[in-house]
Amino acid sequence: MSRGKFITFEGGEGVGKTTNVAFVENYFQARKISLVVTREPGGTPLAEKLRTLLLSKKSEAISEEAELLLMFAARAQHIKHVIEPALARGDWVICDRFTDATYAYQGGGRNMKISTIEGLENLVQGNLRPDLTLLLDAPVKIGMERAGKRGAFDRFESETVQFFENVRRAYLLQVELHPQRIKLIKANQPLADVQQAIINVLSPLLR
Ligand code: Z5A
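Overview of the structure.

## Considerations on the packing of helix α3 (residues 64-88) against helix α4 (residues 99-109)
Interaxial distance between α3 and α4 falls to 11 Å at its minimum, and their mutual angle equals 175°. By the angle between their directions, the pair α3 and α4 is classed as roughly antiparallel. The segment α3 lies against α4, with Glu-67, Leu-68, Met-71, Phe-72 and Arg-75 engaging Thr-99, Thr-102 and Gln-106. Its residues assigned to classes, the contact of α3 with α4 shows 3 nonpolar, 3 polar and 2 charged.

## Concerning helix α1 (residues 17-30)
Here α1 is 14 residues long and its end C-alpha atoms lie 20 Å apart, about the 20 Å a rise of 1.5 Å per residue gives. Those residues of α1 that fall on the buried side of the exposure criterion are Lys-17, Asn-20, Val-21, Val-24, Tyr-27 and Phe-28. Buried positions in α1, seen along its axis, are confined to an arc of 120° and lie on one side of it. The outward face of α1, more than 90 degrees from its buried face, is lined by the exposed residues Thr-18 and Ala-30. Tucked inside the fold, the buried residues of α1 contact β1 (6-10), β2 (35-39), β3 (92-96), β4 (132-137) and α8 (191-206). The positive-phi residue at the C-terminal boundary of α1 is Lys-32, with phi of around 60°.

## Focus: α8
Helix length check: α8 (16 residues) gives 22 Å between terminal C-alpha atoms against 22 Å at 1.5 Å per residue, within 8%. Restricting attention to buried positions, one finds in α8 the residues Val-194, Gln-195, Ile-198, Ile-199 and Leu-202. Elements in contact with the buried residues of α8: β1, α1, β4 and β5 (182-186).

Criteria and thresholds
Residues numbered from 1 in each chain as written. Predicted model: local features only at pLDDT ≥ 70, side-chain atom pairs only at ≥ 80, totals over all residues. Heavy atoms only, no water. Axes fitted to C-alpha atoms, helices over the stretch in contact; angles between N-to-C directions. Helix = DSSP H or I, 4+ residues; strand = E, 2+ residues; numbered from the N terminus. Parallel < 35°, antiparallel > 145°, perpendicular 65-115°, else oblique. Contact = heavy atoms within 4.5 Å. Nonpolar A, V, L, I, M, F, W, Y, C, P; charged D, E, K, R; others polar. Expected span 1.5 Å × (residues − 1). Buried < 20%, exposed > 50% of the residue type's maximum accessible area, 1.4 Å probe, protein only. Arc of directions from axis to C-beta.

Encoded structure:
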């Protein structure tokens, strides 16, 4: 049994990750690929509890250090109980956000040291890295407008435009640092065109 592929979706808020994860789920299922679709923070009962705490605006003020550690605590559970077992049994894993989000939000957004994030990445993930990452990129204003239509904002969604500009810049830096792994998809175009661009990136994996 060969190991499954690990594919992550990334991008700022409202760029279309959830929409396109569902599209790719259908695309792979139609091709009889056995897969697990999951998300971060979250994906296990404990990690989902941590997600609720991280997104809630009602909790006590969360320090930047605590936020970073809680993201990696959730990730450690997710890897051990969901991602690694799935890959080992040959399933593909599609994950809505992973560690590139930590570089973007905690690194770019909160200004946490990159070397600290790298240390935690190595501790929690060992050698595990996504085989492919699709970064959906759109101007911050577009993403915020799309996300804004949903109503109440969570703790991250309540951040400033400048915060999201810093997040976007950090994501684009990740593409420069990992051009083989991370493929940039222009998300500011009609959904059908976004989805065609996604298929163009995924289809070589299926050969
Ligand atoms: N976070 C972190 O800080 N550090 C970490 O390490 C990790 C996460 C893993 C939760 O993420 C928060 O956790 C996140 C970062 C932080 N906070 N923020 N912001 P999340 O993924 O749950 O939250 P999100 O980014 O806010 O996701 P989202 O708002 O659900 O956005 P989305 O999934 O990218 O978009 P969508 O729901 O698919 O689409 C939004 C709307 O746009 C919807 O009505 C669609 O129909 C529409 N849409 C989508 N594509 C198009 C196109 N092409 N044209 C027109 N309309 C479109």
